[in-house]
Amino acid sequence: MATSASAYENDIKNLKATELTLGLPGTHLQENIPIIDQEKSSASSSSNKRPLQLPHEETSPAQDCGSKCSNIAKNTDDDAAPPPSKAKIVGWPPIRSYRKNSLQEQSEAAGGIYVKVSMDGAPYLRKIDLKIYGGYPQLLKSLENMFKLTIGEYSEKEGYKGSDYAPTYEDKDGDWMLVGDVPWDMFVTSCKRLRIMKGSEARGLGCAV
Amino acid sequence: MTHSGSSLPDLPNCTSTAAPMSEIRSPPPDRVLEIVLENVLHFLTCRRDRNAASLVCRSWCRAEALTRSDLFIGNCYAVSPHRATSRFRRVRSLTVKGKPRFADFDLLPLNWGAHFSPWGSALADAYPWLEKLHLKRMSLTDDDLNLIARSFPSFKELVLVCCEGFGIAGIAAVAANCRLLRVLDLVESVVEDADEDEEVMDWISCFPDGETHLESLVFECVECPVNFEALERLVARSPYLKKLRLNHYVSIPQLYRLMHRAPQLTHLGTGSFCASDDVAVGDQELDYSSAFAACKSLVCLSGFRDILPDYLPAIYPACANLTSLNLSYADVNADQLKPVILQCHKLQTLWVLDSICDEGLQAVAATCKDLRELRVFPGNTREEAEGPVSEVGLEVISQGCRKLQSILFFCQRMTNAAVIAMSKNCPDLVVFRLCIIGRYRPDPETHEPMDDGFGAIVMNCKKLTRLAVSGLLTDQAFRYIGMYGKLLRTLSVAFAGDSDQGLKYVLEGCPNLQKLEIRDSPFGDAALHSGLHHFYNMRFLWMSTCKLTRQGCQEIARALPHLALEVIDSQEDKADDHIEILYMYRSLDRPRNDAPKCVTILQ
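What counts and how
Residues numbered from 1 in each chain as written. Chains lettered and ligands numbered in written order. Predicted model: local features only at pLDDT ≥ 70, side-chain atom pairs only at ≥ 80, totals over all residues. Heavy atoms only, no water. Helix = DSSP H or I, 4+ residues; strand = E, 2+ residues; numbered from the N terminus. Rg over C-alpha atoms; globule rule 2.2 N^0.38 Å. Buried < 20%, exposed > 50% of the residue type's maximum accessible area, 1.4 Å probe, protein only. Contact = heavy atoms within 4.5 Å. Areas by Shrake-Rupley, 256 points an atom, 1.4 Å probe, with all protein chains shown as cover. Lys, Arg positive; Asp, Glu negative; His and termini not counted. Charge placed at Lys NZ, Arg CZ, Asp CG, Glu CD. Salt bridge = Lys/Arg side-chain N within 4 Å of Asp/Glu carboxyl O. Pairing = 2+ DSSP bridges. Right-handed = clockwise from strand over helix to strand, strands pointing away. UniProt positions renumbered as here; feature names shortened; annotations may be inferred. Core = buried A, V, L, I, M, F, W, Y, C linked by side-chain atoms within 4.5 Å. Polar contact = N/O pair within 3.5 Å; in protein donor to acceptor, adjacent residues only side chain to side chain. Axes fitted to C-alpha atoms, helices over the stretch in contact; angles between N-to-C directions. Phe/Tyr/Trp six-rings, centres within 6.5 Å; stacked < 30°, edge-to-face > 60°. Lys NZ or Arg CZ within 6 Å of the ring centre and 35° of its normal.

Some remarks on the overall build of chain B
Looking only at helices and strands, one finds 20 helices and 23 strands in chain B. On C-alpha atoms alone, chain B measures out to a radius of gyration of 26 Å, which is about the 25 Å that the 2.2 N^0.38 rule sets for 603 residues. Seen through its principal axes, chain B has C-alpha atoms that stretch 75 × 75 × 60 Å. Looking at chain B residue by residue over its 603 residues, the buried ones come to 57%. Taking the intrachain contacts of chain B between residues at least 6 apart in sequence as the baseline, contacts between residues at least 24 apart amount to 69%. As presented, chain B carries roughly 24100 Å² of accessible surface, and 50% of it is formed by carbon and sulfur atoms. If the 63 positive side-chain charges of chain B are averaged to one point and the 76 negative ones to another, these points end up 10 Å apart.

Given below as structure tokens:
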């Protein structure tokens, strides 16, 4: 734990990505404040802030209460091109996690791509953000978890084998396609909504490709 | 009102329903006074009055204890279940609150506590006649729910708010066994999903056949599909059902059917408010507004998850009668909201997302003259320079909604002027909670701290009991609070203040303070010390990421033996003595023994 922590600390120093600012609203986002060292914290008189503590690894299902205790500034950004996201403080703003989970957070500058997902035979409808997936495998895994079913293996010729369900989507032209037919990036930009088809209809669609 | 037993002819209008009276013609002299007292105390329903009565003398304390049927435990660790049930023998309705509020924001470690089990077993023994149980921020398991379901034959009402640890199986047990159930309200609670391999239990079908006594069924937070046919049958055989709040697995065509089954509904949570994709658009579209027209008694609407804004006009027929509207889960913009708002003349409670914009708040101000409570939640929780609502919206609301009593307002920018305006325009304010999402943000026009705004609130709003502050605040803000916040009971502070003096002002100045929650503020041991005279009067104090040391807390613990000081720390060995979280509360009993490892209880 210690080694990964110090490695991460070095990364932060190199990245200059701390997003805590004292600037007035409208101050340029690129202004950075150097990380306050642990030793200096008690000496700093005017600063009201605690020193930036090292973020912990995300522990899931956290039996370790450490991941919940400290004022963690999670660096939500990765090495993407858009401007670095502001660090998130745990529990701020004070919104109940129930509410946070129910609402979809507007994704950043690029904008999230939310599509509705429906499943045949079920009255419920879900919404997902295609931007959060890196590719088809993650998307399909997520759908499987969401609807508690297994989607078969994709093959170009035969569609989805091995299960009754096949994921389809409606594209910009209003055509229903099988998920996986086009490259991922093209899919993300052209997909209007998703529908998990069941049974023969699903198989029929696969063959039509 | 009827005559009581003939032994007391000179006391008309006495009813004794609290304790079973013996049939003795003339009770012994020392009992006469107690019987009189019990009869009189029966009329005291407010718990604060009862607490005062119980302090008069021993016999009043006894009489009061025997006649209290509604027991409120504000902190489950303040008193042991055994002590509570030993003193109050005839409780029919119990409310227990567990975790501190900051647990809602993930600031408390998992498994911290607030387990219901010890209470469950004590209640099963002591109050077999228990009818109502309200729990908030408690951790309870399916076994606990099973116990509740089987231990209380007269059980009528279960309300679980922000609870966790249980699943569908527990709910099913309650549905199946509590034959007299009137209220089953599951509010913002985490209901564990079934395991991947298991079928989701159909708890709706567990309600017994035949007519039910159900008056309220709230299950918005239950995150799994329900058997709709069973739900429809249940609603059809529940003639007393007034409140129905569905989860988002119920689609709008299904809602339509339910509403036609239950036109007597007064409170409705709409579920998803969009159609399933099985129905192609334009294909047999039902007239949803007819359903809202049919429910002539609707006064409260909520839900609207996954809303398709096209369907929003369906609620128009109900708008004129609505007193409460919760659109805070509805992703709709100002243009879609305004036509709704403009029809809601009787609205007293409104919860919305900030997507309503200042413009939408203008419509609220113009239309909802009776508004008492407003909550504006953020759609985006990032710290931005601008947001859809601002000081403009707040000011406009203050001008239009003069009867406002409670406000919770999230925004990215706010001026002192607007807050001062609200303090003058809305003198009835009891709750003022302003959350400027950008931390340490000053007034964007004057570049001053927000001290004066909050100062005006405590000064002008003479009925204020709850306050939450934000923005750039110096010790001056706390000086105002200490000076004027004499009725203040709850105070929430985050990222504010300069020095110990700030907290001192509050602890020395606010005699009614009961709940104080502070995070990320530079208050240390000296400040904490200044509250010694007051801590026994408080329900709790929470301080996280402040400047407290273990040594400082230890001194408080030594000085006040009936305080439990929970020090919560994630790191074992640290360079300095500073602690992360202090959660402190008065307690009549020994420190709890169910705390996780990261919690140390100082004595």
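Side note on the side chain of R245 of chain B
Residues and elements named next belong to chain B. Note on placement: R245 falls in strand 9 (residues 243-246). No salt bridge is formed by the buried R245; the nearest opposite charge belongs to E220, separated by 5.0 Å. For R245, the residues in contact, after removing those within four places along its chain, are L217, V218, F219, E220, H267, L268, G269, C300 and S302.

Some points on the pairing of strand 18 (residues 490-494) of chain B
Residue and element names in this part refer to chain B. Counting buried residues along strand 18, five of its five residues qualify, which places the element largely inside the surrounding structure. Where burial is concerned, the two faces of strand 18 agree: the one with T490, S492 and A494 and the one with L491 and V493 are both buried. Bridge analysis of strand 17 (residues 466-468) against strand 18 gives three bridges, and the strand direction is parallel. Following the sheet pairing, R466 is matched in strand 18 by T490. A crossover connection joins strand 17 to the parallel strand 18 through helix 17 (residues 475-484); in handedness this β-α-β unit is right-handed. The sheet contact formed by strand 18 and strand 19 (residues 515-519) spans five bridges and is parallel. Looking at strand 19, one finds that L491 is bridged to L516. As for the winding sense of the linkage, the β-α-β connection from strand 18 through helix 18 (residues 500-509) to strand 19 is right-handed.

Topic: the UniProt feature "domain: COI1 F-box" (unreviewed entry) in chain B
Here the UniProt feature "domain: COI1 F-box" (unreviewed entry) sits at residues 30-69 of chain B. The distance from the first to the last C-alpha atom of residues 30-69 of chain B is 24 Å, and the span holds 75% helix and 0% strand.

Let's talk about the nonpolar core
Counting residues in each nonpolar core, the largest one holds 184 residues, and the members touching the most others are W203, L231, F432 and L467 of chain B. Considering every element that reaches this core, the biggest residue donor is helix 7 (residues 168-177) of chain B, with six residues. If we ignore the near neighbours within four places in the chain, the residues touching L231 of chain B are I204, L217, F219, V226, L246, V250 and L258 of chain B. Judged by nonpolar contacts, the second largest core, of 26 residues, contains L130, Y136, L149 and V179 of chain A.

A few points about the environment of G482 of chain B
Residue and element names in this part refer to chain B. For G482, the position within the fold is in helix 17. Once the C-alpha coordinates of G482 and E508 are considered, the two residues, 26 residues apart in sequence, prove to be 6.9 Å apart. Apart from residues lying up to four places away in sequence, G482 is in contact with Y505, G509 and C510.

Concerning the UniProt feature "domain: Transport inhibitor response" (unreviewed entry) in chain B
The sites that UniProt annotates as "domain: Transport inhibitor response" (unreviewed entry) are residues 90-135 of chain B. With 22% helix and 20% strand, residues 90-135 of chain B has its two end C-alpha atoms placed 19 Å apart.

Things to note about the side chain of R99 of chain A
Structurally, R99 of chain A can be placed in helix 3 (residues 97-102). Buried charge without a salt bridge: R99 of chain A, with E188 of chain B as the nearest opposite-charge side chain at an N-O distance of 5.0 Å. At a separation of 2.9 Å, a polar atom in the side chain of R99 of chain A contacts the side chain of S328 of chain B. Setting aside residues no more than four positions away along its own chain, R99 of chain A makes contact with S328, Y329, W351 and F377 of chain B.

Some words on the packing of helix 2 (residues 47-54) of chain B against helix 3 (residues 58-67) of chain B
Relative orientation of the contacting elements helix 2 of chain B and helix 3 of chain B amounts to 145°, with a least axis distance of 8 Å. Together, R50, A53 and S54 of chain B of helix 2 of chain B and W60, C61, E64 and T67 of chain B of helix 3 of chain B make up the contact between the two elements.

Looking at the packing of aromatic side chains
How two aromatic rings sit relative to each other is given by the distance of their centres and the angle of their planes. Overall, the coordinates contain 25 aromatic pairs over all chains when judged by the stated rule. Consider the rings of F273 of chain B and F292 of chain B, whose centres lie 6.2 Å apart with planes at 70°: the pair is edge-to-face. Of this pair, F273 of chain B sits in the loop between strand 10 (267-270) and helix 10 (288-294) while F292 of chain B sits in helix 10, and the two are 19 residues apart along the sequence. Note on F273 of chain B: relative accessible area 0%, which makes it buried. Here a set of aromatic residues connected by ring pairs shows up, and it is made of Y77, F102, F105, W112, F540, W542, Y583 and Y585 of chain B. Between the NZ or CZ atom of R99 of chain A and the centre of the ring of Y329 of chain B, over which it lies, the distance is 4.4 Å. When the ring centre of F377 of chain B is taken as origin, the NZ or CZ atom of R99 of chain A, which lies over that ring, is 3.5 Å away.

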